[in-house]
Amino acid sequence: MDQNKEKTVAVIDCASKKTPEIQGVLSDLGINSDIIALKDANQQSFDSNSAMIISGGPHLFTDSQEKKNSLMQQFQFIQNLAIPTLGICLGHQAIALTFGGDVYRDHERREKDKIQILKNHPLFEQISEESEFAEDHCEGIRPGSNTTVIARSEYYEVEAIKIDDRPMLGVQFHPEVSGKNGHQLISNFINWADTQP
């Protein structure tokens, strides 16, 4: 844990009410965090950060093409990120869109869903098959060609992704408010981030 105290994770706050929960889990893990508003992220250097978590938020990519374009301009920083990154909900969708995916409107999910793990990945270490995670969304993603789907649910075909040529992961659900399972997943992300070159 001592080495964790030297780490600082950038948390991009996309105006989510759950951002303090992300910060709280990191604090429980003994990890410092820099909270950066989405509107400021394109002007930031993340050289001093060991990893990044991009929060969810109250924005919809499917509201209109104009809204989608405007929102994606705020996420331009993703294109050049070199540090390991986890996108949550809106952050997950922004990562998918950045790397050739698409976002669509579908079932509104505001409760816990069972997440079916499709591929072994360190993100799901010590998390049992079909564990429950909290959902809070009405959009899903279609992955791009360089994206691997690593988990799904009954309602959404894509619940977790990895970008094949970048140290980037995304989850549609909200681990920060998913109790023990979510705490484990964020811990797994930090551990995985440590292994990335």
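Our structure is the block above this text.
Structure report, in brief. Owing to the predicted nature of the structure, the values given are computational and were not obtained by experimental measurement.

1. Notes on the overall build of the protein chain
- Across its full length, the protein chain carries 5 helices and 11 strands.
- Computed over its C-alpha atoms, the radius of gyration of the protein chain comes to 15 Å, within 12% of the 16 Å expected for a compact globule of 197 residues.
- By the burial criterion, 55% of the 197 residues in the protein chain qualify as buried.
- Contacts in the protein chain between residues far apart in sequence, at least 24 positions, make up 73% of those at least 6 positions apart.
- Accessible area of the protein chain: about 9100 Å², with a carbon and sulfur share of 41%.

2. Observations regarding the sheet that holds strand β9 (residues 147-152)
- The 9 strands are arranged β2-β1-β3-β4-β11-β10-β9-β6-β7 in an open sheet whose pairing can be described as mixed. Each edge of the open sheet is held by one strand with a lone partner, namely β2 (32-37) and β7 (131-134). The mean angle between the axes of side-by-side strands here comes to 25°, regardless of whether they run parallel or antiparallel.
- Two elements, strand β3 (residues 51-54) and strand β4 (residues 85-88), share 3 bridges in a ladder whose sense is parallel.

3. Things to note about the packing of helix α3 (residues 65-74) against helix α4 (residues 90-98)
- At a minimum axis separation of 11 Å, α3 and α4 run at an interaxial angle of 95°. Considering the angle they form, α3 stands roughly perpendicular to α4. Contacts between α3 and α4 involve K68, L71 and M72 from the first element and L90, A94, L97 and T98 from the second.
- Its residues placed into classes, the contact of α3 with α4 shows 5 nonpolar, 1 polar and 1 charged.

How each quantity is defined
Residues numbered from 1 in each chain as written. Predicted model: local features only at pLDDT ≥ 70, side-chain atom pairs only at ≥ 80, totals over all residues. Heavy atoms only, no water. Helix = DSSP H or I, 4+ residues; strand = E, 2+ residues; numbered from the N terminus. Rg over C-alpha atoms; globule rule 2.2 N^0.38 Å. Buried < 20%, exposed > 50% of the residue type's maximum accessible area, 1.4 Å probe, protein only. Contact = heavy atoms within 4.5 Å. Areas by Shrake-Rupley, 256 points an atom, 1.4 Å probe, with all protein chains shown as cover. Pairing = 2+ DSSP bridges. Axes fitted to C-alpha atoms, helices over the stretch in contact; angles between N-to-C directions. Parallel < 35°, antiparallel > 145°, perpendicular 65-115°, else oblique. Nonpolar A, V, L, I, M, F, W, Y, C, P; charged D, E, K, R; others polar.

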